[in-house]
Amino acid sequence: MTTRSAALAVLLRKTQWLLDDLAFEIGAGRANQVDIACVIDLLESVIALLREEQQQTPHVIDGATETDRDT
């Protein structure tokens, strides 16, 4: 795992935690517009990083079949 993909993995985990917290706050009726705006900003950043990652990741085409891999 590269440093870049490790950083992306950490950001995705932090995003997951934030979304969990937001879901709880919304369910309890305590979320406000500031909380939601922060999540929107974070998600837009995650989208941009994922798009960059997709462009940077080499596409590997494996022509082997499952039986070829097993033998």
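Reading guide: rules and limits
Residues numbered from 1 in each chain as written. Predicted model: local features only at pLDDT ≥ 70, side-chain atom pairs only at ≥ 80, totals over all residues. Heavy atoms only, no water. Helix = DSSP H or I, 4+ residues; strand = E, 2+ residues; numbered from the N terminus. Areas by Shrake-Rupley, 256 points an atom, 1.4 Å probe, with all protein chains shown as cover. Axes fitted to C-alpha atoms, helices over the stretch in contact; angles between N-to-C directions. Parallel < 35°, antiparallel > 145°, perpendicular 65-115°, else oblique. Left-handed = near helix turned anticlockwise from the far one by under 90°. Contact = heavy atoms within 4.5 Å. Nonpolar A, V, L, I, M, F, W, Y, C, P; charged D, E, K, R; others polar. pLDDT = per-residue confidence, 0-100. Buried < 20%, exposed > 50% of the residue type's maximum accessible area, 1.4 Å probe, protein only.

## Digging into the overall build of the protein
Within the protein one finds three helices and zero strands. Counting helices and strands in the order they occur from the N terminus, the protein gives α-α-α. As displayed, the protein has an accessible area near 5900 Å², and 59% of this comes from carbon and sulfur atoms.

## Notes on the packing of helix 1 (residues 3-27) against helix 2 (residues 33-56)
Running from N to C, helix 1 and helix 2 point in directions that differ by 150 degrees, and their axes come no closer than 11 Å. Taken together, the axis directions place helix 1 and helix 2 in an arrangement best described as roughly antiparallel. The crossing of helix 1 and helix 2 is left-handed. Along its contact with helix 1, which presents Arg4, Ser5, Leu8, Leu11, Leu12, Thr15, Leu18, Leu19 and Leu22, the element helix 2 presents Asp35, Ile36, Val39, Leu42, Leu43, Val46, Leu49, Leu50, Glu52, Glu53 and Gln56. Looking at side-chain class alone, the contact of helix 1 with helix 2 contains 13 nonpolar, three polar and four charged residues.

## A look at the confidence of the model for the protein
If pLDDT is low for a region, its predicted coordinates should not be looked at in detail. Averaged over the protein, the pLDDT score is 84; the fraction of residues at 70 or greater is 79%. Model confidence for the protein, summarised as mean pLDDT per element, is weakest for helix 3 (residues 66-70) at 60 and strongest for helix 1 at 91.

## A closer look at the environment of Val46
Structurally, the position occupied by Val46 is in helix 2. We classify Val46 as buried; its relative accessible area is 6%. Linking Val46 and Leu12, residues 34 residues apart in sequence, is a C-alpha distance of 7.3 Å.

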